[in-house]
Amino acid sequence: MDILVACEGRDYTCYFDEPPQHNSIIDAKEIPDEALRNRVIKEFSSLAVVRYCGAVWSHTRGKEMTKIELFPLKQIAFAGV
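Cut-offs applied
Residues numbered from 1 in each chain as written. Predicted model: local features only at pLDDT ≥ 70, side-chain atom pairs only at ≥ 80, totals over all residues. Heavy atoms only, no water. Helix = DSSP H or I, 4+ residues; strand = E, 2+ residues; numbered from the N terminus. Buried < 20%, exposed > 50% of the residue type's maximum accessible area, 1.4 Å probe, protein only. Lys, Arg positive; Asp, Glu negative; His and termini not counted. Salt bridge = Lys/Arg side-chain N within 4 Å of Asp/Glu carboxyl O. Arc of directions from axis to C-beta. Contact = heavy atoms within 4.5 Å. Polar contact = N/O pair within 3.5 Å; in protein donor to acceptor, adjacent residues only side chain to side chain. Core = buried A, V, L, I, M, F, W, Y, C linked by side-chain atoms within 4.5 Å. Pairing = 2+ DSSP bridges. Axes fitted to C-alpha atoms, helices over the stretch in contact; angles between N-to-C directions. Disulfide = S-S within 2.5 Å.

Draft legend 1. Main features of the side chain of arginine 51. Structurally, arginine 51 can be placed in strand β4 (residues 47–58). Lacking a salt bridge, the buried arginine 51 has glutamate 69 as its closest oppositely charged neighbour, with an N-O distance of 7.3 Å.

Draft legend 2. Inspection of helix α1 (residues 34–44) at higher detail. When we look at burial in α1, the residues that qualify are Leu36, Arg39, Val40 and Phe44. Down the axis of α1, the buried set is contained in an arc of 100°. They therefore lie on one face. For α1, the exposed residues lying more than 90 degrees away from the buried face are Glu34 and Lys42. Check the buried side of α1 and you find it contacts β1 (2–7), β2 (10–15), β4 and β5 (63–72). The N-capping residue of α1, defined by a side-chain oxygen 3.3 Å from the backbone nitrogen of alanine 35, is aspartate 33.

Draft legend 3. Seen up close, the environment of isoleucine 25. In this structure, isoleucine 25 sits in strand β3 (residues 25–27). Each C-alpha atom, one on isoleucine 25 and one on valine 49, is 4.6 Å from the other, the two residues being 24 residues apart in sequence. The residues touching isoleucine 25, leaving out its near neighbours within four places in the chain, are Leu47, Ala48, Val49 and Leu73.

Draft legend 4. Fine view of the nonpolar core. Grouped together as the largest cluster of nonpolar side chains are 16 residues, with contacts concentrated most on Val5, Leu36, Val40 and Leu70. Contributing elements (two or more residues each) for this core: β1, β2, α1, β4 and β5. Residues within four places of valine 40 in sequence aside, it is in contact with Ala28, Ile31, Ser45, Ser46, Leu47, Ala48 and Leu70.

Draft legend 5. Spotlight on the sheet that holds β5. Taken together, five strands build an open sheet; the order of strands is β2-β1-β5-β4-β3 and the sheet is mixed. Strands with a single pairing partner mark the edges of an open sheet, and in this sheet they are β2 and β3. Strand-to-strand twist across the sheet, computed as the mean angle between neighbouring axes with direction ignored, equals 40°. One ladder, built from ten bridges, connects β4 with β5; its direction is antiparallel.

Draft legend 6. Examining the state of the cysteines more closely. Scanning all chains against the criterion turns up zero disulfides. Cysteine 7 takes part in no disulfide bond, and the closest cysteine sulfur, belonging to cysteine 14, lies 11 Å away. Overall, the relative accessible area of 0% leaves cysteine 7 in the buried class. Taking the relative accessible area as the measure of exposure, cysteine 14 reaches 1% and is therefore buried.

What follows is the structure, given as structure tokens:
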């Protein structure tokens, strides 16, 4: 399933066998998109928390897609979310 992933102000299209669960923690090794995986490793120390944004229209794909946001695990822990 193709999912739009927002990460620090940039969107990526990433394929997942199953959509990541809300509030789940993703290890960068589990991210199939190489550019996104490298960004999570570099900027998030390999761990990210999934937050759902909802459905968005993808003009490039011509269809509605699920969009999620990734946040650093440290940021969520400090915010007490």
